[in-house]
Amino acid sequence: FIPYIYGLNEYKDKEGNTDIVRANKEIEIKREVLKKAKSKDPLKKEMQNNPLKPSEAFLISEGNIYPVAELKEHLNNLESINDGSIDGTKGELIIDVLGKTKWVPDLDNKLRPSDYPVKKGETTAGCIVIWEEPVYVNGEIPYGLYISGTDPYDQDDAPNSSSLGSTFIYKTFMTVEGVYELIVAEYTGRPNTAKEHHETVRRLLLHYNAKNLYENERNSIKMHFEQKNSLSLLASTPTILKSTQNTSVNRGYGIHMTDHIKDELEIYSRDWLLIERGDGKLNLHFIRSKPLLKELISYSNNKKLNFDRVIAFMLVILLREQTHRLKIESIKKGPIIDPFFENLYKLKNTRKIY
């Protein structure tokens, strides 16, 4: 493989040596312009036709629901950082004597987050990874600041299963300090029992005061939350999906993942990934979970495999859309004003009332 840069004759001297610095600068400027375009197709085409590395030459654009080129580039950038700054903090959540969750970091480096793909012989227990602790205002976590999505499992220890439970905590809101809209914590793993998995998810939700939308094909997670008096942590079945308007499946909490629903969630999650955040960055550039990035990249090639993190991510974005839609509808409706008082107000503004 010969990088495109060595074929730029205008940057070669009489001996045929390429001025790498000037040539790189030109390519960088060209790509920066294409990155800011509304469509990413011109950038992908440029990378495929004029590749700087082999992976660019073999980009597959057709059939990929997700922006694979951008995801690969971001993953490569994260993997090049070796100081641990983007790895988050591993740990466990315990319940203290006051019944509150307490974060216990893994100072002895005993815990192992689940990677993707799961290699034969690797432990799948996983652990919680936190990139940002919950925010408190006046001693409380603001309601609605955090939401979450979970792709659970029901069967206890299954040595031959590569399916994991996965949960993401997502920080919402736009404030004067900046746009949050990012994943702040993850729990992906398969401990010995489903009950242990469900309890870890429950504690994570309590820790962030987060509502959770889960995949409800099997409902043992709901049963566990019910036994723990924690049903208030589970989100009701969303109403915004076109795919569910005529469905007969209604379990009250969570959502049943059909092929049609998944198709719709692919679009929601893809659109979220491509939202621009300024300075040429997209939402996807704020994902710090490397296993999630790997799953998103692999997802389009074979959707029939286990993509637990992708499903959990889709559910987070769906809950975000549902919550946002309900807020907008609430604002549009506004307070109901009695016509009598509305007419009285108009009269008052046209003449003096004694």
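Residues numbered from 1 in each chain as written. Predicted model: local features only at pLDDT ≥ 70, side-chain atom pairs only at ≥ 80, totals over all residues. Heavy atoms only, no water.

Draft legend 1. The arrangement of the overall build of the protein chain in detail. When helices and strands are tallied, the protein chain shows 10 helices and 11 strands. When burial is assessed residue by residue, the protein chain has 41% of its 354 residues classed as buried. For the protein chain, the proportion of contacts with a sequence separation of at least 24, taken over those separated by at least 6, is 61%. Accessible surface, the protein chain as shown: approximately 20,600 Å² in total, 52% of it carbon and sulfur. (Helix = DSSP H or I, 4+ residues; strand = E, 2+ residues; numbered from the N terminus. Buried < 20%, exposed > 50% of the residue type's maximum accessible area, 1.4 Å probe, protein only. Contact = heavy atoms within 4.5 Å. Areas by Shrake-Rupley, 256 points an atom, 1.4 Å probe, with all protein chains shown as cover.)

Draft legend 2. View of the pairing of strand 3 (residues 127–130). The pairing of strand 1 (residues 89–95) with strand 3 spans three bridges and is classified as antiparallel. Along strand 3, the bridge assignment pairs Thr89 with Ile130. As defined by bridge partners, strand 3 adjoins strand 8 (residues 182–189) across four bridges and the pair is classed as antiparallel. Among the inter-strand pairings, Ile128 is bridged to a residue of strand 8, identified as Tyr187. (Pairing = 2+ DSSP bridges.)

Draft legend 3. Representation of the packing of aromatic side chains within the structure. Enumeration over the complete set of coordinates arrives at six aromatic pairs. An aromatic cluster of at least three residues, connected via ring pairs, comprises Tyr66, Tyr116, Tyr299 and Phe307. The ring of Phe286 carries the charged tip of Arg277 above its face, separated from the ring centre by 4.0 Å. Positioned above the aromatic ring of Phe286, the side-chain terminus of Lys281 is 5.9 Å from the ring centre. (Phe/Tyr/Trp six-rings, centres within 6.5 Å; stacked < 30°, edge-to-face > 60°. Lys NZ or Arg CZ within 6 Å of the ring centre and 35° of its normal.)

Draft legend 4. Layout of the pattern of salt bridges. Enumeration according to the criterion identifies 12 salt bridges in this entry. Residues Asp115 and Lys294 are paired through a salt bridge, measuring 3.3 Å at the closest nitrogen-oxygen approach. Pair noted here: Asp115 is in the loop between strand 2 (101–105) and strand 3 and Lys294 is in helix 8 (residues 290–299), with a separation of 179 residues, a long-range link. Salt bridges sharing partners connect three or more residues here, namely Glu181, Arg320 and Glu321. (Salt bridge = Lys/Arg side-chain N within 4 Å of Asp/Glu carboxyl O.)

Draft legend 5. Up close: helix 1 (residues 20–35). In this model helix 1 runs 22 Å from its N-terminal to its C-terminal C-alpha over 16 residues, within 8% of the 22 Å that 1.5 Å per residue would give. The set of residues buried in helix 1 consists of Ala23, Ile27, Arg31 and Leu34. Within helix 1, the buried residues cover an arc of 60° as seen down the axis, which keeps them to one side. The exposed set on the far side of helix 1, more than 90 degrees from its buried face, consists of Val21 and Val33. (Expected span 1.5 Å × (residues − 1). Arc of directions from axis to C-beta.)

Draft legend 6. Region of interest: the side chain of Glu321. With respect to the element layout, Glu321 can be found in helix 9 (residues 308–333). What makes Glu321 buried here is its relative accessible area of 17%. Discounting residues that sit within four places of it in the chain, Glu321 has contacts with Ile240 and Tyr268.

Draft legend 7. Seen up close, the packing of helix 1 against helix 2 (residues 41–49). Look at helix 1 against helix 2: their axes get within 8 Å of each other, and the N-to-C directions meet at 150°. What the angle tells us is that helix 1 and helix 2 run roughly antiparallel. Helix-helix and strand crossings are classified by hand; for helix 1 and helix 2 the assignment is left-handed. Contacts between helix 1 and helix 2 involve Lys30, Arg31, Leu34 and Lys35 from the former and Pro42, Leu43, Glu46 and Met47 from the latter. (Axes fitted to C-alpha atoms, helices over the stretch in contact; angles between N-to-C directions. Parallel < 35°, antiparallel > 145°, perpendicular 65-115°, else oblique. Left-handed = near helix turned anticlockwise from the far one by under 90°.)

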